[in-house]
Amino acid sequence: MREIPYLIASQTAEINTQGIISFFLSKIAPILLAVLGIIFIARANKGEVSRVLTSSTIAIVGLAFIAGAVTLVLVGKGLVDVLFSGGGN
């Protein structure tokens, strides 16, 4: 019974970041984009075209930031290797 905490503590915890990113891109992002599209269409039908354009621009900038963050996560290991490589042979 005393070995259980040791066994739990000795297990390495790894987070499957590729799985999380692919789940987000395949399931969550399309739903959020569909909801945004419905909201924009509803507002445009009410005659609030300027608000729709402003909201669309903000949404596009937000998606660009998310894409940049995902790209940084995907190439982060390579950047760390390049920046902190032991080149002092």
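These lines cover the structure that appears in this document, whether it is placed above or below. These numbers were taken from a predicted model, which means no experiment stands behind them. (Residues numbered from 1 in each chain as written. Predicted model: local features only at pLDDT ≥ 70, side-chain atom pairs only at ≥ 80, totals over all residues. Heavy atoms only, no water.)

In terms of helices and strands, the chain carries three helices and zero strands. Of the regular secondary structure in the chain, the N- to C-terminal order runs α-α-α. For the chain, buried positions account for 9% of its 89 residues. A total accessible area of about 7700 Å² is found for the chain, and carbon and sulfur atoms account for 71% of it. (Helix = DSSP H or I, 4+ residues; strand = E, 2+ residues; numbered from the N terminus. Buried < 20%, exposed > 50% of the residue type's maximum accessible area, 1.4 Å probe, protein only. Areas by Shrake-Rupley, 256 points an atom, 1.4 Å probe, with all protein chains shown as cover.)

Looking now at the pattern of salt bridges. Pairs can form between side chains of opposite charge once their charged atoms are near each other. Under the criterion given, the structure shown has one salt bridge. The salt bridge involving Glu-48 is made with Arg-51; its shortest N-O contact spans 3.9 Å. Assessed through its relative accessible area of 26%, Glu-48 is described here as partly exposed. (Salt bridge = Lys/Arg side-chain N within 4 Å of Asp/Glu carboxyl O.)

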